[in-house]
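Structure assessment
Residue-level listing of the chains:
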There are 4 protein chains.
Amino acid sequence: MAEENTEPTTETVAAGQLRAFIERVERLEEEKSQLQEDIKEIYAEMKGTGFDTKAVRTIIRLRKKDQAERQEEEAILDLYKAALGME
Amino acid sequence: MAEENTEPTTETVAAGQLRAFIERVERLEEEKSQLQEDIKEIYAEMKGTGFDTKAVRTIIRLRKKDQAERQEEEAILDLYKAALGME
Amino acid sequence: MAEENTEPTTETVAAGQLRAFIERVERLEEEKSQLQEDIKEIYAEMKGTGFDTKAVRTIIRLRKKDQAERQEEEAILDLYKAALGME
Amino acid sequence: MAEENTEPTTETVAAGQLRAFIERVERLEEEKSQLQEDIKEIYAEMKGTGFDTKAVRTIIRLRKKDQAERQEEEAILDLYKAALGME
């Protein structure tokens, strides 16, 4: 695409810089999409093996918290469930 | 803004119809925003009363499920936590 | 559900308060869902009338900005599109 | 954590498999977060250079569409804007 003039001016330089920034972002976005595809495939494989992927997603979310934090959150939740009669 | 002609044509009628549709959506969106504000205020009030709003949000999410569904999900989650040594 | 004792204690009062907060949030969430359903129906109606709902959504987003803000944003976007040869 | 027995049984094998799946997902999620950080830094750099990052994000979104599709969308949008008197 020859949309840039042959004699670089302040404007054409900015165009080249803008294009470079955009292409860097697009490459990283592409890599992110590829990783997302890979993650999706692992979940499909888990499901095929018989795991409950919804529970696995919860486990992964819980593992980001440290044990004390997680246990405290579960204690409060259990307290509220008891108060509301949710067995 | 006098963007509509005095003599309605097929095009101006479409413009009026388009505008009417848009204004109906905007009114409903406005009501939704107001409700969202009200919900936010209730959570602020709960927090002020000493409740853990994060746990309350979890409770509200859990109450959307029936008891059997919820208990089954919790059983699977506990099984996985035990398998991974998460106490 | 008779999960609360007959003699109110600090804990049972908290349970009643917790339940009241939760039910207020649930009612408002229910109203929000109903509004969302209504909005969805208007879009279905628009589509049935021949309008391009994707463009209508863009229009509604643009109408939230004031004219000067919108025009300035469009000017910058046009400048970048020209720099990149996007016609 | 010694949550796995010394003699592998059907259950301990499942635990190992579950853990392996989870760790694969976590590694890929970690890589995704890193990429997201890198993208954020590029936008910060763009902003530092004087570019309008909101417009750049729009450009990146538009570049995912082919030219004909984009031009048709813009034509419909311009038609609606004209109908509504949005200059």
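Residues numbered from 1 in each chain as written. Chains lettered and ligands numbered in written order. Predicted model: local features only at pLDDT ≥ 70, side-chain atom pairs only at ≥ 80, totals over all residues. Heavy atoms only, no water.

1. Focus on the interface of chain A and chain D
Filter applied, for reference: Whether two residues touch is decided by their heavy atoms; if any such pair falls within 4.5 Å, the residues are in contact. Accessible area, probed at 1.4 Å, shrinks when two parts are joined; the buried area is that loss added up over both. Salt bridges are defined by distance alone: a side-chain nitrogen of Lys or Arg within 4 Å of a carboxyl oxygen of Asp or Glu. We define a polar contact as two N or O atoms separated by no more than 3.5 Å, with the added condition that, inside protein, one atom must be a possible hydrogen donor and the other a possible acceptor, whereas residues neighbouring each other in sequence contribute only through side-chain atom pairs. Secondary structure counts use DSSP, requiring at least four H or I residues in a row for a helix and at least two E residues in a row for a strand, with both numbered from the N terminus.
Taken together, the contacts link 28 residues of chain A with 28 residues of chain D. Approximately 2800 Å² of surface area, both sides summed, lies buried where chain A meets chain D, with 74% of it carried by carbon and sulfur atoms. Between chain A and chain D we count four salt bridges in total. Across the chain A-chain D interface, the total number found is six residue pairs in polar contact (both at pLDDT 80 or more). Among the elements of the structure, helix 1 (10-49) and helix 2 (53-63) of chain A are those that each provide at least two residues to the side of chain A that touches chain D. Ranked by the residues each element gives to the side of chain A that touches chain D, the list is headed by helix 1 of chain A, at 23 residues.

2. A few points about the relation of the copies chain B and chain A
One copy of the chain maps onto the second through a rotation around an axis plus a translation along that axis. As a reminder, the rule being used: When the copies are overlaid, the least-squares fit takes in C-alpha atoms only where the residue has pLDDT of at least 70 in both copies.
Note on the copies: chain B fits chain A at an RMSD of 0.0 Å, the axial shift is 0.0 Å, and the rotation between them is 180°. What the rotation and shift describe, once combined, is the action of a two-fold rotation axis. Taken together, the interface assignments show that 100% of the residues at the interface of chain B recur at the interface of chain A, consistent with an identical surface on both copies.

3. Quick word on the UniProt feature "domain: GapR-like DNA-binding" (unreviewed entry) in chain A
Short version of the rule: UniProt positions are given in the numbering used here, feature names are shortened, and annotations may be inferred rather than shown by experiment.
Cross-referencing UniProt, the feature "domain: GapR-like DNA-binding" (unreviewed entry) maps to residues 14-85 of chain A in the present numbering. A distance of 64 Å separates the end C-alpha atoms of residues 14-85 of chain A, which is 89% helix and 0% strand.

4. Examining the interface of chain B and chain A
Across the boundary between the two partners, chain B contributes 22 residues, which contact 22 residues of chain A. Of the roughly 1900 Å² buried between chain B and chain A on both sides combined, carbon and sulfur atoms contribute 61%. Where chain B touches chain A, the interface holds four salt bridges. With a closest N to O distance of 3.0 Å, A:E73 and B:K54 form a salt bridge. Inspection of the chain B/chain A interface yields ten residue pairs in polar contact (both at pLDDT 80 or more). Sorting the residues of the side of chain B that touches chain A by element identifies helix 2 (53-63) and helix 3 (67-83) of chain B as the ones contributing at least two each. Among the elements that line the side of chain B that touches chain A, the one with the most residues is helix 3 of chain B, at nine residues.

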